[in-house]
Amino acid sequence: MGNTVAREDFEWVYTDQPHADRRKEILAKHPEIKALMKPDYNLIWVVVLMVLAQLTAFYLVKDLDWKWVIFWAYVFGSCISHSMTLAIHEISHNSAFGNSKAMWNRWFGIFANLPLGLPYSISFKRYHMDHHRYLGGDGIDVDIPTNFEGWFFCTRFRKFIWIVLQPFFYAIRPLCINPKPITRLEIINLLAQLSFDVVIYYLWGVKSTFYMLAGSVLGLGLHPISGHFIAEHYMFLKGHETYSYYGPLNMLTFNVGYHNEHHDFPNIPGKSLPLVKKIAAEYYDNLPQYNSWIKVLYDFVMDDTISPYSRMKRQLKGEVKQD
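Conventions used here
- Every chain is numbered independently, its residues counted from 1 as its sequence is written.
- Thresholds applied to this predicted model are a pLDDT of at least 70 for local features of residues and 80 or more for the giving and counting of side-chain atom pairs; totals over whole chains, interfaces and linings are not thresholded and use all residues.
- For side-chain calculations, the full set of non-hydrogen atoms in the structure is used, while hydrogens and water are omitted.
- Helical segments are the DSSP runs of H or I of at least four residues, strand segments are the runs of E of at least two, and each set is numbered from the N terminus.
- The size measure is the radius of gyration over C-alpha atoms, and the globule rule it meets is 2.2 Å times the number of residues to the 0.38 power.
- Residue burial is assigned from relative accessible area. The probe radius is 1.4 Å, only protein chains are included, and a residue is buried under 20% of its type maximum, exposed over 50%, and partly exposed in between.
- Between two residues, a contact is recorded if the distance between any of their heavy atoms is within 4.5 Å.
- Computed with the Shrake-Rupley method and a 1.4 Å probe, the accessible areas treat only the protein chains shown as cover for residues.
- Here Asp and Glu are counted as negative and Lys and Arg as positive; His is not counted, and neither are the chain ends.
- Taken as the charge centre is NZ of Lys, CZ of Arg, CG of Asp or CD of Glu, depending on the residue.
- Aromatic rings from Phe, Tyr and Trp, taking only the six-membered ring of Trp, are treated as a pair when their centres fall within 6.5 Å; an angle between ring planes under 30 degrees marks them as stacked, one over 60 as edge-to-face, and anything in between as tilted.
- As a reminder, the over-ring test applies to NZ of lysine and CZ of arginine, requiring each to be within 6 Å of the ring centre and within 35 degrees of the ring normal.
- UniProt positions are given in the numbering used here, feature names are shortened, and annotations may be inferred rather than shown by experiment.
- Pairs of N or O atoms within 3.5 Å make up the polar contacts considered here, provided that, within protein, one atom can donate a hydrogen while the other can accept it, and that residues adjacent in sequence are counted only when both atoms are side-chain atoms.
- Each reported salt bridge corresponds to a side-chain nitrogen of Lys or Arg within 4 Å of a carboxyl oxygen of Asp or Glu.
- To get an axis, fit a line to the C-alpha atoms, keeping to the stretch in contact for a helix; angles then go from 0 to 180 degrees between the N-to-C directions.
- Roughly parallel means an angle under 35 degrees; roughly antiparallel, over 145; roughly perpendicular, 65 to 115; everything else is oblique.
- Handedness of a crossing follows from how the near helix is turned relative to the far one, being left-handed for an anticlockwise turn of less than a right angle and right-handed for a clockwise one.

1. Focus on the overall build of the protein chain
Scanning the protein chain from N- to C-terminus turns up 15 helices and four strands. Taken against the 2.2 N^0.38 rule, which gives 20 Å for 323 residues, the C-alpha radius of gyration of the protein chain at 20 Å falls within 12% of a compact globule. The principal-axis extent of the C-alpha atoms belonging to the protein chain is close to 55 × 45 × 40 Å. Considering the protein chain as a whole, with its 323 residues, one finds that 54% of them fall into the buried category. Of all intrachain contacts in the protein chain linking residues separated by at least 6 positions in sequence, the fraction that spans at least 24 positions is 79%. Entry remark: accessible area of the protein chain is about 15500 Å², with carbon and sulfur atoms responsible for 66%. Positive and negative side-chain charges in the protein chain, numbering 31 and 29 respectively, have mean positions lying 4 Å apart.

The structure is reproduced here in structure tokens:
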């Protein structure tokens, strides 16, 4: 590590993303995978239980000393909050109720959003669909860092700060790269969230409200689960755009670590992605993969050749259709 100089620009590529072609190949060879393209109704009950768990935690922390509020916000609240963002990711793919009930998924996403404290679900869905259709697309895929991020966060200390501030960059990046007009559902998401936050503050006070918001910010920043942000698409190996993770944290994250499998088959719920890997093992076993998101975070900071610039980026051609 650190044998070559740090990047000064993104890795510009002039080929299409690999996932569409691989999906066609796999389906031709393993048509049984089509049977996995159906909703995961268990997701509904898991999300309801997670919301209830956080409501219980809001009540339990209301009279604790501040040091314990902060402790539990990081140790417990952050895990539930980050896990809930990945439940919302599942819901954005209509995994809860299926494609035939798209609006049910949107309303359920707003419900799942409530214990996070910050409106997120509807906007995430709009931008995440672009990420799948136009992976690495310049000016479209807001998962790609800005030029400022690549230029400024280039030292070990600055990369560490960049990881801590991930929630801020994911929130502000769409406004810089690809701003979209606000929709009615986004306004509803905002009003529902503000109303929920006011109710929590009125019922249980400032400590419960702080626990809710701090858990979301801490869970999406310097946290083991946040390794997935970097593990998914940052180019630790030249020429490889998407990476999978097969470690135990998949149990908390709806198998988002199966990321090559997810991009190949975005309409298959996370629960079934290990089956995709098992059925089409010859396509996935030899791809680069991780077993530790903590090591990904460590390597990102300590490897001087890796930075926010370590992403493949492509100039899109033809008509671009966005949500």
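2. Concerning the packing of aromatic side chains
For the coordinates displayed, the defined rule picks out 25 aromatic pairs. Both rings, one in tryptophan 151 and one in phenylalanine 152, keep their centres 6.0 Å apart while their planes meet at 45 degrees; by these two values the pair is tilted. Relative to phenylalanine 169, the ring of phenylalanine 153 lies with its centre 5.3 Å away and its plane at 80 degrees, an arrangement referred to as edge-to-face. Taken together, the residues span a long stretch of sequence, with phenylalanine 153 in the loop between helix 6 (147–152) and helix 7 (156–164) and phenylalanine 169 in helix 8 (residues 166–177) at a distance of 16 residues. The two residues phenylalanine 153 and phenylalanine 169 agree in class, both being buried. Among the aromatic residues, those joined into a ring-pair cluster are Phe148, Trp151, Phe152, Phe153, Phe168 and Phe169. Over the ring of tryptophan 104 we find lysine 101, and its NZ or CZ is 4.3 Å from the ring centre. Geometry around tyrosine 246 places lysine 277 over its ring, the cationic atom sitting 4.8 Å from the centre.

3. Let's talk about the UniProt feature "transmembrane region" (unreviewed entry) in the protein chain
The sites that carry the UniProt feature "transmembrane region" (unreviewed entry) are, in the present numbering, residues 43–61, 68–87 and 107–124. As annotated, residues 68–87 has a helix share of 100% and a strand share of 0%, and its two end C-alpha atoms lie 27 Å apart. Within residues 107–124, the helical portion is 61% and the strand portion 0%, while the C-alpha atoms at the span's ends are 14 Å from each other.

4. Describing the environment of histidine 262
Residue placement: histidine 262 occurs in helix 12 (residues 259–264). By relative accessible area, which is 2% here, histidine 262 ends up buried. Setting aside anything within four residues of it in sequence, one finds histidine 262 in contact with His89, His93, His128, His132 and Leu273. Polar contacts involving the side chain of histidine 262 include one to the side chain of histidine 132, which spans 3.0 Å.

5. A look at the pattern of salt bridges
All told, the structure shown has 16 salt bridges when counted by the stated rule. A salt bridge links lysine 29 to glutamate 282; its shortest N-O distance comes to 3.1 Å. Highlighted residues: lysine 29 in helix 1 (residues 19–29) and glutamate 282 in helix 14 (residues 281–284), separated in sequence by 253 residues. A salt bridge links aspartate 143 to arginine 311; the nearest nitrogen and oxygen atoms lie 2.9 Å apart. Within this pair, whereas aspartate 143 is found in the loop between helix 5 (121–133) and helix 6, its partner arginine 311 is found in the loop between helix 15 (293–302) and strand 4 (312–314), the two being separated by 168 residues in sequence. The pair formed by aspartate 143 and arginine 311 is uniform in burial state, with each residue classed as buried. Three or more residues joined by partner-sharing salt bridges are found here, namely Asp130, Arg133 and Lys180.

6. What about the environment of leucine 203?
Looking at the element boundaries, leucine 203 is found in helix 9 (residues 184–204). By relative accessible area, which is 51% here, leucine 203 ends up exposed. A sequence separation of 144 residues divides leucine 203 from tyrosine 59, and the C-alpha atoms of the two residues are 8.8 Å apart.

7. Some words on the packing of helix 4 (residues 102–113) against helix 9
One way to put it is that helix 4 packs onto helix 9 with a least axis distance of 9 Å and a crossing angle of 30 degrees. With respect to their mutual orientation, helix 4 and helix 9 come out roughly parallel. Remark: the crossing between helix 4 and helix 9 carries right-handed chirality. Judged by residue contacts, Met103, Arg106, Trp107, Ile110 and Asn113 of helix 4 engage Leu185, Ile188, Asn189, Ala192 and Gln193 from helix 9.

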